[in-house]
Amino acid sequence: MNGKERGLFITLEGGDGSGKTTVMAEVAQVLEQHGVSYMTTREPGGIEIAEKIRDIILNPQHTAMDARTEALLYAASRRQHLAEKVEPALARGVSVLCDRFIDSSLAYQGYARGLGIQEVLNINMFATQGRFPDLTFYLDIEPEAGLARIAAGQGRKVDRLDMESIGFHRKVREGYLRIAGMYPERIRRIDASQGQAEVAADIRSQLSAFLKEMKA
């Protein structure tokens, strides 16, 4: 992809413990093999202002945070990240691989928090000026299995959302499945309960096919 072409915006989504960090490396490797210039980032965060908002949102001490406040903070973080980092990179022809984007807000705040998918979508349409990813990989796993992975992990800091009930995390998954149904042309569901090698093979196959379509 040369500098005159707009970069691709690829996002990774999934519940806690779904393995996005591991998949990020696989996606990056495929992009390299296809000669795609790219950068990686995350939400909430990716830039100084958004990282500070992230600290507020995920701080385990902030248990009094209202659901609408949470949704608005995510949208504010997303706006700054998009304006300062993502859009300039895409305009330069650099593809952006992002850990979480708008679908997280729809699943967590819109569905699991009960604010309404459409209501949270409206907030984010204002924040992003209608920007959606070109491709999204949704890593689907039963929440019990995902949280067990977190519990078994070493050195991972527990955040405020990790402390939510299993019922909340089940609703997050329900939300993601509903959102995947809303955007079937963009969201590719990956069975994240498979072994690492199988997940990697699925990602490689689907991403390679997508990149070939883009070049056709």
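Residues numbered from 1 in each chain as written. Predicted model: local features only at pLDDT ≥ 70, side-chain atom pairs only at ≥ 80, totals over all residues. Heavy atoms only, no water.

- As named in an unreviewed UniProt entry, the chain is Thymidylate kinase, taken from Paenibacillus macerans.
- Among the UniProt annotations of the chain, the heading Function (unreviewed entry) holds the following wording: "Phosphorylation of dTMP to form dTDP in both de novo and salvage pathways of dTTP synthesis."
- What the UniProt record of the chain gives under Sequence similarities (unreviewed entry) is the line "Belongs to the thymidylate kinase family." (UniProt positions renumbered as here; feature names shortened; annotations may be inferred.)

What about the side chain of E70?
- Mapped onto the secondary structure, E70 falls in helix α3 (residues 67-91).
- Residue E70 is classed as buried on the basis of its relative accessible area, which comes to 1%.
- In this structure the side chain of E70 is engaged in a polar contact, spanning 2.6 Å, whose partner is the side chain of R160.
- Apart from residues no more than four positions distant in its own chain, E70 is found in contact with I57, M65, Q109, R113, R160 and L161. (Helix = DSSP H or I, 4+ residues; strand = E, 2+ residues; numbered from the N terminus. Buried < 20%, exposed > 50% of the residue type's maximum accessible area, 1.4 Å probe, protein only. Polar contact = N/O pair within 3.5 Å; in protein donor to acceptor, adjacent residues only side chain to side chain. Contact = heavy atoms within 4.5 Å.)

Comments concerning the pattern of salt bridges
- Taken as a whole and judged by the stated rule, the model has 16 salt bridges.
- Among the ionic pairs, R204 bridges to E26, the shortest N-O distance being 3.1 Å. Of the two residues, R204 sits in helix α8 (residues 196-215) while E26 sits in helix α1 (residues 20-33), which places them 178 residues apart along the sequence.
- Its relative accessible area of 18% is what places E26 among the buried residues.
- E70 serves as the salt-bridge partner of R160, at 2.6 Å between the closest nitrogen and oxygen. One end of the pair, R160, is in the loop between α6 (143-152) and α7 (166-182); the other, E70, is in helix α3, with 90 residues separating them in the sequence. Comparing R160 with E70, the two get one shared label, buried.
- One connected set of salt bridges, linked through shared partners, spans E70, R113, R160 and E164. (Salt bridge = Lys/Arg side-chain N within 4 Å of Asp/Glu carboxyl O.)

Focus on the sheet that holds strand β1 (residues 9-14)
- Strand order in the open sheet formed by five strands is β2-β3-β1-β4-β5, and the pairing between neighbours is parallel. Both outer strands of the open sheet, β2 (38-42) and β5 (187-191), are each paired with one neighbouring strand and no more. Each strand of the sheet is rotated relative to its neighbour by a mean of 20 degrees, with strand direction disregarded.
- Direction of pairing for β1 relative to strand β3 (residues 95-99): parallel, over a ladder of four bridges. Looking across to β3, one finds that F9 is bridged to V96.
- Each of β1, β2, β3 and β4 (135-140) is contacted by α1, which is oriented at about 155 degrees to β1, the strand it contacts most.
- Where α7 meets the sheet, it contacts β1, β4 and β5, and its direction lies at approximately 145 degrees from that of β4. (Pairing = 2+ DSSP bridges. Axes fitted to C-alpha atoms, helices over the stretch in contact; angles between N-to-C directions.)

Observations concerning the environment of R149
- Its location among the elements puts R149 in helix α6.
- Residue R149 is classed as partly exposed on the basis of its relative accessible area of 36%.
- Spatially, the C-alpha atom of R149 lies 29 Å from that of D134, the residues being 15 residues apart in sequence.
- Leaving out residues up to four positions away in the same chain, R149 has contacts with G17, S18, G19, I141, A192, S193 and Q194.

Let's talk about unusual backbone geometry
- Here the residue pair E43 and P44 is connected by a cis peptide bond, since its omega of -15 degrees sits within 30 degrees of zero.
- Within the secondary structure layout, P44 lies in the loop between β2 and α2 (48-58).
- Not every positive phi belongs to a glycine, and R100 is a case in point at roughly 80 degrees.
- Here R100 shows up in the loop between β3 and α4 (102-112).
- In the Ramachandran plot, Q129 falls in the positive-phi region, its phi being about 55 degrees despite a non-glycine side chain.
- Here Q129 is to be found in the loop between α5 (117-128) and β4.
- A residue is classified by how much of its surface remains accessible, and Q129, at 65% relative accessible area, is exposed.

Here we look at the nonpolar core
- Within the largest apolar cluster, 34 residues are counted, with the highest numbers of intra-cluster contacts made by F9, V96, L106, Y108, V172 and I179.
- Of all elements in the fold, only α2, α3, β3, α4, α5 and α7 reach the threshold of two or more residues within this core.
- The residues contacting V96, other than those within four sequence positions of it, are L8, F9, I10, M39, T41, V86, A89 and L90.
- Counting residues in hydrophobic clusters, the runner-up holds 22 residues, among them L8, M24, A28 and L139. (Core = buried A, V, L, I, M, F, W, Y, C linked by side-chain atoms within 4.5 Å.)

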